[in-house]
Amino acid sequence: MDDLELAVKLVNTVYALADPPDRLTDVAFYQDELVRLDAAALAAQLTPSDLQPLRVLRERLRGVFHTRTDAEAAPLVNSLVREANAVPQLLPDAHGVLTLDWGSDRYGYSALAARLPGALMTFVTEKGVGRLGICAAAPCECVFVDRTRPGNRRFCCEACNDRAAAAAYRGRRRVG
């Protein structure tokens, strides 16, 4: 499980093409997403009282994806990490390789409040905000992490890519 993917899934609980667009009306929706991402233990730790804090965290994480420069993202991510009192730790895996860990000693929402901004902080430090994206297929505003080699991803998923291509084709046919 990748904490950055958990952050993307949380932000994308608002999906303009869904009915209703805000699918985070109770914690069950995000719990299901966590289970699909092999984070069932974390999903089980969430309670109904975590709904509003999750919604606030979602919007604050979304703000990072909307930044254009690393300098613009830094204060947003820093404040999230600071408010969560997230202290990174180095943890060895089974082979002795160290990884940077954010909040593995926490549970439920507290773990998410530390881990998700921590994952964003680590990613922005390594790759920059230029690899964080917002879907170019209006009205979709889902976010994504561009892990492609050339760094030119524009859509959150194949469906949005196909929808945008079809719209562009129809537009060209009308003009021509």
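The paragraphs below set out a description of the structure included in this document. (Residues numbered from 1 in each chain as written. Predicted model: local features only at pLDDT ≥ 70, side-chain atom pairs only at ≥ 80, totals over all residues. Heavy atoms only, no water.)

1. Regarding helix α5 (residues 70-83)
Link 1 in the chain: Between its first and last C-alpha atoms α5 spans 20 Å; for 14 residues at 1.5 Å apiece the expected length is 20 Å, and the two agree.
Link 2 in the chain: On its buried side, α5 packs onto α4 (51-65), β2 (98-102) and α6 (108-127).
Link 3 in the chain: Directly after α5, the chain includes Asn85, whose backbone phi takes a positive value near 50°. (Helix = DSSP H or I, 4+ residues; strand = E, 2+ residues; numbered from the N terminus. Expected span 1.5 Å × (residues − 1). Contact = heavy atoms within 4.5 Å.)

2. What to know about the pattern of salt bridges
Link 1 in the chain: One pass over the full model with this rule turns up 10 salt bridges.
Link 2 in the chain: Close ionic contact of Glu59 with Arg58 constitutes a salt bridge, the shortest N to O distance being 2.8 Å.
Link 3 in the chain: Glu59 gets classed as partly exposed once you look at its relative accessible area, which sits at 37%.
Link 4 in the chain: When salt bridges that share partners are traced, they join Asp22, Arg55, Arg58, Glu59 and Arg62 into one network. (Salt bridge = Lys/Arg side-chain N within 4 Å of Asp/Glu carboxyl O. Buried < 20%, exposed > 50% of the residue type's maximum accessible area, 1.4 Å probe, protein only.)

3. So, the packing of α4 against α6
Link 1 in the chain: The interhelical angle for the contact between α4 and α6, taken along N-to-C directions, is 0°, at an axis separation of 11 Å. When the axis of α4 is compared with that of α6, the two are roughly parallel. Facing α4, whose interface residues are Pro53, Leu54, Leu57, Leu61, Val64 and Phe65, α6 presents Tyr109, Leu112, Ala113, Leu116, Pro117 and Leu120.
Link 2 in the chain: Broken down by class, the residue content of the contact of α4 with α6 amounts to 12 nonpolar, no polar and no charged. (Axes fitted to C-alpha atoms, helices over the stretch in contact; angles between N-to-C directions. Parallel < 35°, antiparallel > 145°, perpendicular 65-115°, else oblique. Nonpolar A, V, L, I, M, F, W, Y, C, P; charged D, E, K, R; others polar.)

4. Some points on the nonpolar core
Link 1 in the chain: By size, the foremost hydrophobic cluster in this structure holds 40 residues, and its most contacted members are Tyr30, Leu61, Leu116 and Leu132.
Link 2 in the chain: Going through the elements one at a time, α1 (3-11), α2 (27-36), α3 (40-45), α4, α5, α6 and β4 (143-145) are the ones with two or more residues in this core.
Link 3 in the chain: In terms of residue count, the dominant contributor to this core is α6 (9 residues).
Link 4 in the chain: Residues contacting Leu132, with those up to four places away along its chain left out, are Val64, Phe65, Leu120, Phe123, Val124, Phe144 and Val145. (Core = buried A, V, L, I, M, F, W, Y, C linked by side-chain atoms within 4.5 Å.)

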